[in-house]
Amino acid sequence: EGRRQVQSVVAGYLDNASTLVSSLRELGYEVFGGVNAPYIWTATPHGMDSWSFFDLLLQQAQLVCTPGRGFGFAGEGYVRLTAFGTPEDTIEAVARLKAL
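Throughout what follows, the structure given in this document is the object of discussion. Keep in mind that what you see is a predicted model, and the values were worked out from it rather than measured.

For the coordinates displayed, the defined rule picks out six aromatic pairs. Measuring from ring centre to ring centre gives 5.0 Å for Trp41 and Phe71, while their planes differ by 70°; the resulting arrangement is edge-to-face. Here the residue Trp41 occupies a position in strand 2 (residues 39-43), and Phe71 occupies one in the loop between strand 3 (66-67) and strand 4 (78-82), the gap between them amounting to 30 residues. Connected via pairs of aromatic rings, a cluster forms that spans Tyr13, Tyr39 and Phe84.

In structure tokens, the structure reads:
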């Protein structure tokens, strides 16, 4: 029973990740991940550095991500999003991204 419950929760997070990935791609973002784990990497738009994109998302969309620079030099130019939320929160996040 416990294994089934855990699998159900993981499947929900992966569904959220799929929603984020497809929505980001529709918006023209270059996206990686979200297939075997609920982490999604996206390239920052217009050559923006990862901290500037973090600030833009926070200030204009009230969304939090992790700047890629925090993962080392190779992470610059990317941010990491997570799908550890409810489906409703994921849909709201997508709506906020589309409103940018």
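Below, the discussion takes up the environment of Tyr13. Structurally, Tyr13 is set in helix 1 (residues 2-26). Leave out the neighbours within four places in its chain, and Tyr13 touches Pro38, Ala83, Phe84 and Gly85.

On to the nonpolar core, then. Membership of the largest hydrophobic core comes to 19 residues, with the highest contact counts inside it found for Leu24, Val31, Ile40, Leu57, Leu63 and Cys65. Put simply, the parts of the chain that give this core at least two residues each are helix 1, helix 2 (50-61), strand 4 and helix 3 (87-99). Beyond its immediate sequence surroundings of up to four residues, Leu24 is in contact with Tyr29, Val31, Ile40, Leu81 and Leu97.

Burial along strand 4 is one-sided: the face carrying Val79 and Leu81 is buried and the face carrying Tyr78, Arg80 and Thr82 is not. Where strand 2 meets strand 4, five bridges bridge the pair, whose relative direction is antiparallel. Across the sheet, Thr42 pairs through a bridge with Val79, a residue of strand 4. Relative to strand 4, strand 3 is paired through two bridges, and the arrangement is antiparallel. Bridge pairing in strand 4 places Thr66 opposite Arg80.

Conventions and cut-offs
- Residues numbered from 1 in each chain as written.
- Predicted model: local features only at pLDDT ≥ 70, side-chain atom pairs only at ≥ 80, totals over all residues.
- Heavy atoms only, no water.
- Phe/Tyr/Trp six-rings, centres within 6.5 Å; stacked < 30°, edge-to-face > 60°.
- Helix = DSSP H or I, 4+ residues; strand = E, 2+ residues; numbered from the N terminus.
- Contact = heavy atoms within 4.5 Å.
- Core = buried A, V, L, I, M, F, W, Y, C linked by side-chain atoms within 4.5 Å.
- Buried < 20%, exposed > 50% of the residue type's maximum accessible area, 1.4 Å probe, protein only.
- Pairing = 2+ DSSP bridges.

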